[in-house]
Amino acid sequence: MTITSKDIHNLEDLFVHQLQAMYYAEKEIHKAMPKMVGKTSDTSLRTAIESHMKEGDTQIARLEQVFKMLGKPPQAVGCATIDGLSKEAGDVVNNLTDKHLLDAALVAAVQGVEHYEITCYGTLIAWARQLGRQQIVDLLEKTLQEEKAMDKKLTTMAESQINRLAA
Ligand SMILES: [Fe+2]
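Residues numbered from 1 in each chain as written. Predicted model: local features only at pLDDT ≥ 70, side-chain atom pairs only at ≥ 80, totals over all residues. Heavy atoms only, no water.

**Describing the overall build of the protein**
Part 1: Each helix and strand in the protein was counted, giving five helices and zero strands.
Part 2: Starting at the N terminus and ending at the C terminus, the protein contains elements arranged as α-α-α-α-α.
Part 3: Relative to the globule expectation of 15 Å for 167 residues, the C-alpha radius of gyration of the protein, 17 Å, shows essentially globular dimensions.
Part 4: When the backbone C-alpha atoms are referred to their principal axes, the protein occupies close to 50 × 30 × 20 Å.
Part 5: Expressed as a percentage of the 167 residues in the protein, the buried residues total 43%. (Helix = DSSP H or I, 4+ residues; strand = E, 2+ residues; numbered from the N terminus. Rg over C-alpha atoms; globule rule 2.2 N^0.38 Å. Buried < 20%, exposed > 50% of the residue type's maximum accessible area, 1.4 Å probe, protein only.)

This is the structure we're talking about:
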């Protein structure tokens, strides 16, 4: 959704907008991941993505908790970035037939999503800290650490085996 000055007057409004966009993003990721994970024949890659999908349930619940702390109903607003990332990921994964190339592309696609999540949660945390909402900072820090850990895990998997098999 486009940001308009009509709805956003202060940093808390901007925070809520970003929170709504992240709520949308997490839900979209939740829908897109099962389709993507079904394409890989690499068991450890599948296990890593599936366990991160379970973390995603908790991450969505944390966002709902943040809405509650702010006294707002959980509401999602469209996020063009995540739409683009999941479309791109879907195109690549659906069009590759070589299983090793597909795995390398899948890791890249999931890491693209993780990096986007890392930047958004980083912003939310910085703004929550500025707003003096330490409980929100603490809650979202847990999610940020999970996103960073997933990114690191994928880098290790790609560099230790997946990229070599694809070459
Ligand atoms: Fe994630």
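From this point, things continue past the structure.
**Some thoughts on the coordination of the iron ion**
Part 1: In this structure, His-52 (NE2), Glu-114 (OE), Glu-114 (OE), Glu-117 (OE) and Glu-147 (OE) serve as the protein donors to the iron ion, at separations of 2.0 to 2.8 Å.
Part 2: Of note, the donors binding the iron ion are all from one chain and are spaced H-x61-E-x2-E-x29-E. Here His-52 is found in helix α2 (residues 43-69), whereas its partner Glu-114 is found in helix α4 (residues 99-130), with 62 residues between them in sequence. Each member of the pair His-52 and Glu-114 is classed as buried. (Donors = N, O, S within 2.8 Å, 3.2 Å for Na, K, Ca; no water.)

**Comments concerning the nonpolar core**
Part 1: In this structure, Phe-15 and Leu-140 are the most contacted members of the largest nonpolar core, which totals 48 residues.
Part 2: Secondary-structure elements contributing two or more residues to this core are α1 (11-37), α2, α3 (80-95), α4 and α5 (134-166).
Part 3: Broken down by element, this core gets its largest block of residues, 13 residues, from α4.
Part 4: Residues within four places of Leu-140 in sequence aside, it is in contact with Phe-15, Leu-63, Val-66, Tyr-121, Leu-124 and Ile-125. (Core = buried A, V, L, I, M, F, W, Y, C linked by side-chain atoms within 4.5 Å. Contact = heavy atoms within 4.5 Å.)

**Looking at the confidence of the model for the protein**
Part 1: Per-residue pLDDT for the protein averages 93, and the proportion of residues at 70 or more is 97%.
Part 2: Mean pLDDT across the elements of the protein ranges from a minimum in α3, with 89, to a maximum in α5, with 97. (pLDDT = per-residue confidence, 0-100.)

**Concerning the side chain of Arg-62**
Part 1: Turning to its location among the elements, Arg-62 is positioned in helix α2.
Part 2: Once you skip the residues sitting within four places of it in the chain, Arg-62 turns out to touch Leu-139, Lys-142, Thr-143 and Glu-146.

**Considering the pattern of salt bridges**
Part 1: Inspection of every chain in the model, using the stated rule, returns four salt bridges.
Part 2: Glu-146 is the salt-bridge partner of Arg-62, the closest N and O atoms lying 3.0 Å from each other. Note that Arg-62 is positioned in helix α2 and Glu-146 in helix α5, a separation of 84 residues in sequence. Here Arg-62 and Glu-146 have matching classes, each one buried.
Part 3: A salt bridge links Glu-141 to Arg-129, with the nearest nitrogen and oxygen atoms 3.9 Å apart. (Salt bridge = Lys/Arg side-chain N within 4 Å of Asp/Glu carboxyl O.)

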